[in-house]
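Survey of secondary and tertiary structure
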Amino acid sequence: MGDRAAKDALFDGLATVAKALGNGRRAEIVDVLAQGERSVDGIAAELGQTVANTSQHLQHLLRAGLVRTRRSGTRIYYSLASPRVAELWTAVRDVSATHLAELDKLAAAYLGDRSRLDTVTRDELAERLRAGDVVVLDVRPEPEFHAGHITGAVSMPVGQLARRLRGMPKDRQVVAYCRGPYCVFADDAVRALRRRGYRAARLEDGYPEWAHAGHPIQT
């Protein structure tokens with residue numbers, strides 16, 4: 001029979017992972033790494049943080065066993081320790097969306113009005129890709145596209161959209177996707193496409209959910 005101190009120590013250990021995720025910047029790092037491996041400076045730029053601050057957050061995640069590292073020359077690259085970490089992040093996000101009353105307001109303040117944006121489900125997009133009647137745009141940063149993307153998607157980071165749309169035919173619907181349900185890149189892309197006369201919609205969530213559902217991907 002274990003004693004109280006041993007049980008306390010066990011549950012404190014189990015809570016280590018929750019503590020590591022109990023910070024918005026570290027949660028965002030996990031969201032970024034769910035797309036694929038990134039360098040420290042790349043993560044820092046993505047978060048708008050200094051490399052020093054970002055490194056501290058990464059060390060918290062490393063000690064909790066949520067990320068792993070590799071060195072290439074002078075650079076350190078981070079990735080999620082396993083697919084289970086991405087599943088954990090998805091579960092945390094979904095529970096928050098279901099039970100945290102203020103989350104809808106927070107999301108709306110960041111994402112804007114989505115009521116006029118058409119949405120395509122994963123299964124619908126998979127079927128239309130097989131039929132060949134849709135153009136799929138990956139509007140995430142290029143490193144994330146190269147780490148893994150929907151099979152048949154075209155890399156078109158949202159910041160490059162305006163200059164790269166020239167010549168793209170308008171006879172097929174365009175579906176844009178990014179990191180997940182709280183990623184603004186796809187929303188911005190759909191709005192920009194519609195202003196230019198394209199029939200555009202966003203994927204209901206993002207690449208990690210597509211991959212986890214077993215739909216075709218390329219790396």
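The structure this text deals with has already been given above.
Now for a quick tour of the structure. Note that this is a predicted model, so its numbers are computed, not measured. (Residues numbered from 1 in each chain as written. Predicted model: local features only at pLDDT ≥ 70, side-chain atom pairs only at ≥ 80, totals over all residues. Heavy atoms only, no water.)

Here we take up the environment of Asp133. Tracing the sequence through the fold places Asp133 in the loop between helix H8 (122-131) and strand S5 (134-138). For Asp133, a relative accessible area of 33% corresponds to the partly exposed category. The sequence separation of Asp133 and Arg191 amounts to 58 residues, and the corresponding C-alpha distance is 21 Å. Aside from chain neighbours lying at most four places away, what touches Asp133 is Arg128, Arg172 and Gln173. (Helix = DSSP H or I, 4+ residues; strand = E, 2+ residues; numbered from the N terminus. Buried < 20%, exposed > 50% of the residue type's maximum accessible area, 1.4 Å probe, protein only. Contact = heavy atoms within 4.5 Å.)

The next point concerns the sheet that holds strand S3 (residues 75-80). What holds strands together in a sheet is hydrogen bonding between their backbones, with the strands either parallel or antiparallel. Strand order in the open sheet made by the three strands is S1-S3-S2, with antiparallel pairing throughout. Each edge of the open sheet is held by one strand with a lone partner, namely strand S1 (38-39) and strand S2 (67-72). Bridge count between S1 and S3: two bridges; the pairing is antiparallel. Across the sheet, residue Ser39 finds its bridge partner in S3, namely Tyr77. With respect to the sheet, helix H5 (residues 51-63) is in contact with S2 and S3, its orientation differing from that of S2 by roughly 120°. (Pairing = 2+ DSSP bridges. Axes fitted to C-alpha atoms, helices over the stretch in contact; angles between N-to-C directions.)

The next subject is the packing of aromatic side chains. Summed over all chains, the structure comprises zero aromatic pairs. Looking at Arg70, its charged tip hangs above the ring of Tyr77, at a distance of 4.6 Å from the centre. It is Lys170 that lies over the ring of Tyr198; its NZ or CZ is 5.1 Å from the centre. (Phe/Tyr/Trp six-rings, centres within 6.5 Å; stacked < 30°, edge-to-face > 60°. Lys NZ or Arg CZ within 6 Å of the ring centre and 35° of its normal.)

The next subject is the pattern of salt bridges. Tallied over the full model, the rule gives 18 salt bridges. Salt-bridge contacts for Glu204 lead to Arg122; the nearest nitrogen and oxygen are separated by 3.6 Å. Placement of the pair is Glu204 in strand S9 (residues 200-206) and Arg122 in helix H8, with a sequence separation of 82 residues. Look at the salt bridges and you will find they share partners, linking Arg38, Glu46, Glu144 and Arg179 into a network. (Salt bridge = Lys/Arg side-chain N within 4 Å of Asp/Glu carboxyl O.)

You can see Gln173 is positioned in strand S8 (residues 173-178). Given a relative accessible area of 11%, Gln173 falls into the buried group. Once you skip the residues sitting within four places of it in the chain, Gln173 turns out to touch Arg128, Asp133, Val134, Val135, Arg199, Ala200 and Ala201.

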